[in-house]
Amino acid sequence: MLWILVGFLSVATATPVRICVPEPLSSDCARMEQDLPDVYKCVGAPDVLGCVRKIHLGEADTANVDPAGLYLGGKFYDLRPIASELVDGDPFQIPRHCTRP
């Protein structure tokens, strides 16, 4: 769903959105970029932290990251999420047994 939203925003601005993906996912992104070249531009990084760093440096516009990536982006680069995932209709939350008391 996030990629669809990003795609609509890209079409409205007529500039491809630079999506950062870790190297293991680069072939999937390349297929998406090939199908929609005016919408998406793939930017590779070694890992999620590399993607967070590329967003901070202005080399990428967005990335799909897990909670650890969100933490690192906020802690070290002052980045904030622009969208979040719904799980069973509710915003994603870390289960209580995974957090500190």
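Calculation rules
Residues numbered from 1 in each chain as written. Predicted model: local features only at pLDDT ≥ 70, side-chain atom pairs only at ≥ 80, totals over all residues. Heavy atoms only, no water. Pairing = 2+ DSSP bridges. Helix = DSSP H or I, 4+ residues; strand = E, 2+ residues; numbered from the N terminus. Right-handed = clockwise from strand over helix to strand, strands pointing away. Buried < 20%, exposed > 50% of the residue type's maximum accessible area, 1.4 Å probe, protein only. Contact = heavy atoms within 4.5 Å. Axes fitted to C-alpha atoms, helices over the stretch in contact; angles between N-to-C directions. Parallel < 35°, antiparallel > 145°, perpendicular 65-115°, else oblique. Left-handed = near helix turned anticlockwise from the far one by under 90°. Nonpolar A, V, L, I, M, F, W, Y, C, P; charged D, E, K, R; others polar.

Per an unreviewed UniProt entry, the protein chain is named Transferrin, and its organism is Caerostris darwini.

### Some remarks on the pairing of strand β2 (residues 40–45)
Pairing geometry for strand β1 (residues 17–22) and β2, over six bridges, is parallel. Following the sheet pairing, R18 is matched in β2 by K41. Crossover β1 to β2 through helix α2 (residues 26–35) is right-handed.

### Focus: unusual backbone geometry
Although it is not a glycine, D78 sits at a positive phi angle of roughly 55°. Judged by its relative accessible area of 57%, D78 is exposed.

### As for helix α3 (residues 48–56)
By the burial criterion, the buried members of α3 are G50, C51 and V52. Close packing links the buried residues of α3 with β1, β2, β3 (62–63) and α4 (67–77). Of the residues trailing α3, G58 is marked for its positive phi of about 85°.

### As for the sheet that holds β2
Strands sit in the order β2-β1-β3 across an open sheet of three strands; the sheet is parallel. Strand pairing shows two members of the sheet lacking a second neighbour, β2 and β3, which therefore form its edges. Summarising the sheet, β1 and β3 pair through two bridges and their orientation is parallel. Counted as the bridge partner of I19 is T62 from β3.

### A closer look at the packing of α3 against α4
At a closest axis distance of 10 Å, the pairing of α3 and α4 adopts a crossing angle of 40°. By the angle between their axes, α3 is oblique relative to α4. Taken as a pair, α3 and α4 cross one another with a handedness that is right-handed. Along its contact with α3, which presents V48, L49, V52, R53 and H56, the element α4 presents G69, L72, G73 and Y77. Across the contact of α3 with α4, the residue classes break down as five nonpolar, three polar and one charged.

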